[in-house]
Amino acid sequence: MRLSGGVIDRSKPLQFSFDGRSYSGYAGDTLASALLANDVRLVGRSFKYHRPRGVFSAGSEEPNALVELRSGARKEPNTRATMVELFEGLEATSQNRWPSLKFDALAINDLFSDFLTAGFYYKTFMWPKAFWEKLYEPIIRRAAGLGSLSMQADPDVYDKGFLHADLLVIGGGAAGLMAALGAARAGADVILADEGSELGGRLLAETDTLDGKSAADWLRSLEGELAQLPNLKVMRRTTVFGAFDHGIYGAVERVSDHLPVPGNRPRQTLWRVTARRSILAGGAIERHIPFRDNDRPGIMQSSALRAFANRWAVSPASRVAIFTNNDSGHCAARDLLAKGVEIAAVVDSRGDAPQQGDFRVIRGAMVTGSKGRHGLASIEVSRPGGSEWISCGALGVSGGWNPNVHLISHHRGRPVWDAELHAFVPGPDLPKGMTVAGAAKGEGSLHAALRSGAEAAMASLQQLGLRPEALRLPEVEVREENLQPLWHVPGKGRAWVDFQNDVTVKDIKLAYQENMRPVEHLKRWTTLGMATDQGKTSNVTALAVMAELTGKSIPQTGTTIFRPPYTPISLAVLGGGDTGTNFRPRRLTPSHQWAKTKGAVFVEVGQWLRAQYFPQPGEAHWRQTVDREVLATRRGVGICDVTTLGKVDVQGADAAEFLDRLYCNPMKSLKVGMVRYGLMLREDGHAFDDGTCARLAENHYVVTSTTAQAGPVYRHMEFARQCLWPELDVQLISTTDAWAQFSVAGPNARRLLQRVVDDADLSNEAFPFMACANLTVCGGLRARLFRISFCGELGYEVAVPARYGNALMARLMELGVDLGAVVYGTEALGVMRIEKGHAAGNELNGQTTAQMLGMGRMVSSKKDAIGAVMSRRPGLQLETRVLVGLRPLDPAEPVVAGSHLFAEGAVQKTENDQGWISSAAFSPHMASAIGLAFLTNGGDRMGEVIIAANPLQGQQVAMRVVPTVFVDPEGERLRG
Amino acid sequence: MADLIPITALGLAQPKSLTVGSLSMTENTGLALASLALRRDAEAVCPFGLVLPEPGRWVEKDGVASFWMGPGQWMLEARGKAEEDFSAELKQQCPGHSVTEQTDSFAAFEISSPAGAAPIIAVMTKLVNIDPRGFTPGSATRTGLAHMNVFAIRRADDHLAVLGMRSLAACLWHELERALKGVSEVPA
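In every chain, residue numbers begin from 1 and rise along the written sequence. Whichever chain is written first becomes A and whichever ligand is written first becomes 1, with later ones labelled in order. Confidence filtering applies because this is a predicted model: local features only for residues at pLDDT of at least 70, side-chain atom pairs given and counted only at 80 or more, and all residues used for totals across whole chains, interfaces and linings. Hydrogens and water are ignored here; the side-chain numbers use all heavy atoms of the structure.

### Some words on the overall build of chain B
Phase 1 of the analysis: The secondary structure content of chain B amounts to three helices and 11 strands.
Phase 2 of the analysis: The order of helices and strands in chain B, counted from the N terminus, is β-β-β-β-β-β-α-β-β-α-β-β-β-α.
Phase 3 of the analysis: For 188 residues, the compact-globule estimate of 2.2 N^0.38 gives 16 Å, and the C-alpha radius of gyration of chain B, at 17 Å, lies within 12% of that figure.
Phase 4 of the analysis: Residue contacts are defined here by distance: any two heavy atoms, one from each residue, within 4.5 Å place the two residues in contact. Across chain B, every contact between residues at least 6 apart in sequence was considered, and the portion connecting residues at least 24 apart equals 61%.
Phase 5 of the analysis: Residue burial considers only the protein chains on display, and all accessible areas are found by Shrake-Rupley using a 1.4 Å probe. Accessible surface, chain B: about 7,700 Å² in total, of which carbon and sulfur atoms supply 54%.
Phase 6 of the analysis: For the purpose of counting charges, residues Lys and Arg are taken to be positive, whereas Asp and Glu are taken to be negative. His and the chain ends are not included. In plain terms, the charge of a residue is placed at NZ if it is Lys, CZ if Arg, CG if Asp and CD if Glu. On chain B, the mean spot of the 16 positive side-chain charges and the mean spot of the 21 negative ones are 5 Å from each other. Runs of E in the DSSP output that reach at least two residues are strands. Runs of H or I that reach at least four are helices, and both are numbered from the N terminus. Throughout, radius of gyration means the C-alpha value; the globule benchmark is 2.2 Å times the number of residues raised to the power 0.38.

### Side note on the overall build of chain A
Phase 1 of the analysis: Looking only at helices and strands, chain A has 23 helices and 48 strands in total.
Phase 2 of the analysis: Taking the principal axes of the C-alpha coordinates as reference, chain A spans close to 115 × 70 × 55 Å.
Phase 3 of the analysis: Between buried and exposed lies partly exposed: a residue is buried under 20% and exposed over 50% of the maximum accessible area for its type, with that area taken using a 1.4 Å probe on protein chains only. Residues classed as buried in chain A amount to 60% of the 976 residues present.
Phase 4 of the analysis: The long-range fraction of contacts in chain A, counting pairs at least 24 apart against all pairs at least 6 apart in sequence, stands at 66%.
Phase 5 of the analysis: Per element, the accessible surface of chain A, about 38,900 Å² overall, is 53% carbon and sulfur.

### Some thoughts on the sheet that holds strand 3 (residues 32-37) of chain B
All names here are of chain B.
Phase 1 of the analysis: The strand order across the open sheet formed by five strands is 4-5-6-3-7, and the pairing between neighbours is antiparallel. Strands with a single pairing partner mark the edges of an open sheet, and in this sheet they are strand 4 (58-61) and strand 7 (98-101). Strand-to-strand twist across the sheet, computed as the mean angle between neighbouring axes with direction ignored, equals 25 degrees.
Phase 2 of the analysis: Bridge count for strand 5 (residues 64-70) against strand 6 (residues 73-78) is six bridges, and the pairing is antiparallel. Opposite valine 64, over in strand 6, you have alanine 78 as the bridge partner.
Phase 3 of the analysis: Axis definition: a line fitted to C-alpha atoms, over the contacting stretch in the case of helices. Angles run 0 to 180 degrees between N-to-C directions. Its contacts with the sheet place helix 1 (residues 86-93) against strand 3, strand 6 and strand 7, and it is angled at close to 35 degrees to strand 3. Should DSSP find at least two bridges between two strands, the strands are regarded as paired.

### Thoughts on the UniProt feature "domain: Aminomethyltransferase C-terminal" (unreviewed entry) in chain A
Phase 1 of the analysis: UniProt positions are given in the numbering used here, feature names are shortened, and annotations may be inferred rather than shown by experiment. Here the UniProt-annotated "domain: Aminomethyltransferase C-terminal" (unreviewed entry) positions come out as residues 881-968 of chain A.
Phase 2 of the analysis: With 0% helix and 50% strand, the stretch residues 881-968 of chain A has end C-alpha atoms that lie 25 Å from each other.

### Looking at the pairing of strand 38 (residues 739-745) of chain A
Residue and element names in this part refer to chain A.
Phase 1 of the analysis: Burial analysis of strand 38 places seven of its seven residues in the buried class, which makes it a mostly covered element.
Phase 2 of the analysis: Residues Trp739, Gln741, Ser743 and Ala745 of strand 38 are buried on one face, and the alternating residues Ala740, Phe742 and Val744, pointing to the opposite face, are buried as well.
Phase 3 of the analysis: Alignment of strand 32 (residues 637-641) against strand 38, held across four bridges, turns out to be antiparallel. Bridged to isoleucine 639 within strand 38 is valine 744.
Phase 4 of the analysis: The sheet contact formed by strand 38 and strand 41 (residues 795-801) spans seven bridges and is antiparallel. Residue pairing across strands places alanine 740 opposite valine 800, the latter belonging to strand 41.

### Overview of the side chain of A:Asp737
Phase 1 of the analysis: Tracing the backbone shows A:Asp737 in the loop between strand 37 (731-734) and strand 38.
Phase 2 of the analysis: Its relative accessible area of 7% is what places A:Asp737 among the buried residues.
Phase 3 of the analysis: Pairing of N or O atoms within 3.5 Å defines a polar contact, subject to two protein rules: one partner must be a possible hydrogen donor and the other a possible acceptor, and residues neighboring in sequence count only if both atoms are side-chain atoms. Here B:Arg166 takes part through its backbone nitrogen, which lies 3.3 Å from a polar atom of the side chain of A:Asp737.
Phase 4 of the analysis: Every residue in contact with A:Asp737, bar those within four places of it in the chain, is listed here: A:Arg587, A:Trp608, A:Ala802, B:Asp104, B:Ser105, B:Met165, B:Arg166 and B:Ser167.

### Some points on the interface of chain B and chain A
Phase 1 of the analysis: Between chain B and chain A, the contact holds 56 residues from the first and 56 residues from the second.
Phase 2 of the analysis: Any carboxyl oxygen of Asp or Glu that lies within 4 Å of a side-chain nitrogen of Lys or Arg is treated as forming a salt bridge with it. The shortest N-O distance in the salt bridge between A:Arg803 and B:Glu83 comes to 3.5 Å.
Phase 3 of the analysis: Inspection of the chain B/chain A interface yields 33 residue pairs in polar contact (both at pLDDT 80 or more).
Phase 4 of the analysis: Among the secondary structure elements, those contributing two or more residues to the side of chain B that touches chain A are strand 3, strand 7, helix 2 (117-127) and helix 3 (169-184) of chain B.
Phase 5 of the analysis: Sort the elements by how many residues they give to the side of chain B that touches chain A and helix 3 of chain B lands first, with five residues.
Phase 6 of the analysis: Looking at the side of chain B that touches chain A residue by residue, the classes come out as 25 nonpolar, 15 polar and 16 charged. When residues are grouped by polarity, Ala, Val, Leu, Ile, Met, Phe, Trp, Tyr, Cys and Pro land in nonpolar, Asp, Glu, Lys and Arg in charged, and all others, Gly among them, in polar.

### Some thoughts on the packing of aromatic side chains
Residue and element names in this part refer to chain A.
Phase 1 of the analysis: We call Phe, Tyr and Trp rings a pair once their centres come within 6.5 Å, taking the six-membered ring for Trp, and we label the pair stacked below 30 degrees between planes, edge-to-face above 60, and tilted otherwise. The tally for this structure, following the rule as stated, stands at 18 aromatic pairs over all chains.
Phase 2 of the analysis: Pairing tyrosine 49 with tryptophan 496 gives two aromatic rings, centres 6.4 Å apart and planes at 85 degrees, and the pair type is edge-to-face. Of the two residues, tyrosine 49 is situated in the loop between strand 3 (44-45) and strand 4 (52-53) and tryptophan 496 in strand 27 (residues 496-498); the sequence distance between them amounts to 447 residues.
Phase 3 of the analysis: A relative accessible area of 2% means that tyrosine 49 is categorised as buried.
Phase 4 of the analysis: A residue is classified by how much of its surface remains accessible, and tryptophan 496, at 0% relative accessible area, is buried.
Phase 5 of the analysis: One aromatic cluster is present, built from ring pairs that chain together Phe125, Phe131 and Tyr136.
Phase 6 of the analysis: In this analysis the charged atom, NZ for Lys or CZ for Arg, is taken to sit over a ring once it is within 6 Å of the ring centre and within 35 degrees of the ring normal. Taking NZ or CZ as reference, lysine 233 lies 5.8 Å from the ring centre of tryptophan 271, over its face.
Phase 7 of the analysis: We note lysine 371 situated over the ring of tryptophan 389; from NZ or CZ to the ring centre the distance is 4.2 Å.

### Thoughts on the nonpolar core
Residue and element names in this part refer to chain A.
Phase 1 of the analysis: Take the buried residues of types Ala, Val, Leu, Ile, Met, Phe, Trp, Tyr and Cys, join any two whose side-chain atoms come within 4.5 Å, and each joined set is a nonpolar core. Ranked by size, the top nonpolar core spans 51 residues in total, and within it Phe16, Phe18, Leu31, Leu90, Phe308 and Val320 carry the most contacts.
Phase 2 of the analysis: The element best represented in this core is helix 1 (residues 31-37), accounting for six residues.
Phase 3 of the analysis: Grouped together as the second largest cluster of nonpolar side chains are 40 residues, Ala175, Leu450, Ala457 and Leu461 included.

### Some words on the sheet that holds strand 16 (residues 319-324) of chain A
Residues and elements named next belong to chain A.
Phase 1 of the analysis: Spatial strand order, 15-22-16-17-18: five strands in an open sheet with parallel pairing. Since the sheet does not close on itself, it has two edges, and those belong to strand 15 (299-301) and strand 18 (361-363), each with one partner. Strand-to-strand, the axes of this sheet are offset by a mean angle of 20 degrees, without reference to chain direction.
Phase 2 of the analysis: Pairing analysis gives six bridges linking strand 16 to strand 17 (residues 342-348), with the strands arranged parallel. Of the residues in strand 17, the one forming a bridge with valine 320 is isoleucine 343.
Phase 3 of the analysis: Across the face of the sheet, helix 6 (residues 302-310) comes into contact with strand 15, strand 16 and strand 22 (394-398) while running at roughly 85 degrees to strand 15.

### As for a nonpolar patch on the surface
All names here are of chain A.
Phase 1 of the analysis: Patch construction takes residues with relative accessible area above 30% that form no salt bridge. Like charges are linked within 9 Å, and nonpolar side chains (Val, Leu, Ile, Met, Phe, Trp, Tyr) are linked within 5 Å. A cluster of nonpolar side chains, Tyr121, Tyr122, Phe125, Met126, Trp127 and Trp132, forms an exposed patch at the surface whose accessible area comes to about 710 Å².
Phase 2 of the analysis: For phenylalanine 125, the location among the structural elements is in the loop between helix 2 (108-111) and helix 3 (131-143).
Phase 3 of the analysis: By relative accessible area, which is 31% here, phenylalanine 125 ends up partly exposed.

### Some words on the UniProt feature "domain: SoxA A3" (unreviewed entry) in chain A
Phase 1 of the analysis: With numbering aligned to this structure, UniProt lists the feature "domain: SoxA A3" (unreviewed entry) at residues 492-577 of chain A.
Phase 2 of the analysis: Within the segment residues 492-577 of chain A, helix and strand shares are 44% and 6% respectively, and the terminal C-alpha atoms sit 53 Å apart.

### Some remarks on the environment of A:Leu66
All names here are of chain A.
Phase 1 of the analysis: Among the secondary structure elements, leucine 66 is positioned in strand 5 (residues 66-69).
Phase 2 of the analysis: Taking the relative accessible area as the measure of exposure, leucine 66 reaches 6% and is therefore buried.
Phase 3 of the analysis: For leucine 66 and glycine 147, which are 81 residues apart along the polypeptide, the C-alpha to C-alpha distance reads 8.2 Å.
Phase 4 of the analysis: Setting aside its immediate chain neighbours within four residues, leucine 66 contacts Asn78, Thr79, Arg80, Gln95, Leu146, Gln500 and Thr532.

### Quick notes on empty space enclosed by the protein
Residue and element names in this part refer to chain A.
Phase 1 of the analysis: A pocket here means an open set of points on a 1 Å grid, computed over the protein atoms alone, that has protein on both sides within 12 Å along at least five of seven lines. A cavity is instead a set of points where a 1.4 Å probe fits but cannot get out; residues with an atom within 4 Å of a point line either one. Grid points are joined across faces, edges and corners, and a volume is the space filled by probe spheres set on the points. What the rule picks out here adds up to 14 cavities of 30 Å³ or more.
Phase 2 of the analysis: Considering only enclosed or pocket space, the largest cavity measures out at about 190 Å³ in volume.
Phase 3 of the analysis: For the largest cavity, the lining is made up of 16 residues, of which Asn402, Pro403, Val405, Val540 and Phe562 are closest to its centre.
Phase 4 of the analysis: Only strand 23 (401-403) and helix 11 (539-550) provide two or more residues apiece to the lining of the largest cavity.
Phase 5 of the analysis: The class makeup of the residues in the lining of the largest cavity is eight nonpolar, seven polar and one charged.

### Overview of the state of the cysteines
Residue and element names in this part refer to chain B.
Phase 1 of the analysis: By disulfide we mean two sulfur atoms from cysteines, separated by a distance within 2.5 Å. Inspection of the entire model under this criterion finds zero disulfides over all chains.
Phase 2 of the analysis: As a non-bridged cysteine, cysteine 46 has cysteine 94 as the owner of its nearest cysteine sulfur, 9.3 Å distant.
Phase 3 of the analysis: A relative accessible area of 43% places cysteine 46 in the partly exposed class.

Put into structure tokens, the structure is as follows:
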């Protein structure tokens, strides 16, 4: 029912629906308050027993009122109704019930509760074993879980950002406000973040005055002052969800969740806040007192009843009762009475409970039962001497306060037990730079929180080296809790401790009986504290019950700690907005534009997008295209963009020595104007990467690597330069992007290049195989030419500054028409290098050695190089598998890379495995598929027939072992 | 003169520009770049009259600028000289040292605002984990931006430059554009 007052805007009525029915509320309502205003007490069904449940709290610790919010692609399950700001047209549906909230078929679980106690699944669904996968698991999977996903792509946009501050104040209640004000006035750069839409925290539900003003008025004038401070950034609707390393905090700002649609704003923003200091003023959460049947709709935190009445002007019922062990409960009763709600009784477990208002107080008493399946109807109150049933539609329970120590344990700090407060408070181990203030450290009454926030600000300012000004605190009434602990009401029946995971006191007793007594076992065996609320309303109570059972004290029992996030956050916001093609950055080659206009099919090669092949009209299958590209290259001339291969510029007086130590083969002897193939080994003696080394001048080299290893090779070279041999005078920088590089290969390669190169003699005598030079092309453009080839044809690579690459590609193709010029992509590139027996990434997979690659003699014994010594270790010498070529006996058969090799007739098991096929392609030259493979003693088995087995797909292909070079084995074309 | 027509890092004939609210961004296609790494036994140098800056700093004089990249290593920038061989010019200024052409290693995007520092700082908070309070004019640093490696240079209060790998130019432009649009949104 609606009450008067509150911080809602009655001039803005809003329509919303819940489970298909329409209701109205006001701007300023949450979904929870609006439902209560409409007398909707039943909002969900519990996880295991499917018991009817209602709103329990007024904040983000809510365990019961979880709804599916919105519909369609923006539907989000497990949304706490207490945190949903009402907007026009809001749609919400209840979860975990079928067919309806009122008549839930799975409530039958409640009848079998004795069989579904904690850990029941460790003892059931075991037999027969075969039933698990096909029957039990699917059933449990369907029954388990809370809300459901829309299964549609998330259409919302998410954003991210970085903030830096001297001080981050986490929580904008009384303590946080004082802290932010004090620090900002002293000139610190402050960020104040609060998870709510309004600043104030519990002040928004407070009826006590500050300096004689209402809390609302006091807040308004304070916010006015805060807005004038340019060094203070206030972030509302922002949850600081984690304390990470180096003073970095993660926060999620709900930018447009409170709007019907985000429009062109992001839905949420992920903020990384780096703060030199922080003040955790995250408040405290009221604990409840378990008693028999304490989970009915209408039974909630007493402070929630108070907040609903004072802030949102609603009460779940016209007649309510309070069950308390401290003075807070009486405050709630007083405020509700003032709003016209009938107080049936305040049931106070303390024999000496005060009289703080005009309502019945039953002292030394406890609530021992309740009635009303879909909504509370009455409670049983017992005390020495007798019991009675009292009718009421709602019960507010106050068992004391649990300081919100969540964030302090993110760096594994443990909270400590305060015997006077009967609560866990932050211990000495806090994340670096953090101070705690207010209710979060057990100083939760208004006067204490204000003072605590101011003190925390002073301490932080001192640590920051800033001079604090004295902060005048508003005058408020001093109130005490006077708590006498009552952890639960003993007795028969089930008393709920963790509402969200349906864990009762009985379950804790069972855990004790099963010897699951240490808190980490208690938690995991009962699943208490493992739901989306992380046990915010149950952890401490559970520890107290276990302590009672074991006879230990609560501090002796200990506590579990928390890890981020503080409240659930969407994975999408963690992604920071990078979705789809923007998930990863994509690198484009210099001739990408030209390739697009020519209809290239592109392929992802690591971060790069490379042209894979260029289909021509009439080509229906990629093989037709690739075969054509290969044949045309070998017949005329082919051009391919090879910019992606790593290029490192190496200079310096000691460059030659440096390279000689990096490559396993000799490199110091390389002459100016020549290129040499080079192999780098890893420290452990395995092959790392291969490439070329070109000596452009006395102390100037360009080292190339494979595309995939460009980054690792550069890193390796920098590590060698900076850490291994800092005494060498050598300088490095990457030039992979700077120079567009094209392979020009085929019998007409020289003729084509002569048409672009300015005045240079490219004859075989003047520019032999493996020569290199700086020269100019196309009328004076600086360029580099390297006579290298990996496809077995007369071949060159020409490089120009990348901005001219696109034009050069077009020019070469234009000038080469009569020479049969063809552009080829990575697919043809791969076919040709396999035909030529060249090792590539498949062979250099980190598990092979120079020996296996047939390059054993490249590892110089005359000089040391990285990996040389280890390459000679006995373990690697035992390896007998070497690279060979394979052709299927039947040219119609495929060669499947990854196949394992066996002798003909051998049983195909691991012990008989003789190697594997590393690369395979269809060779137009050989008119059959071919492969490169590592085969035991391959060198001695030329001509032998072996079996390539692919057992996963039932393939067995007979192969002939042949040399690795299929095309131009004498290398005549290369050197002509 | 060379008759090949260059294209921009974004694959276009002309540099791309964008104006959103009080922020403008332009691809700086005319910027020449060359790296300078000092060799051990060569003379100290002051290329183009610039005193090579300390770590984290950027200096400028008469259209040529320099920022620190590593111990003994700097990048030199020359406005408008991208189609010349600027590295050859630098080599002449620094005989005996290691000079490498870097013009097309990077794509440069200049972000400026007629409204002064505030929009520049706003856009920085959406892009890079750099404390703007310490990133005053004359600051330059290497940093991460949306899984990419970039140089960020505060050329002036109202002017920020972001240099990223040329092959990633399209991705970088996309991220920068998103940030510019994001901070120019008028809140509901």
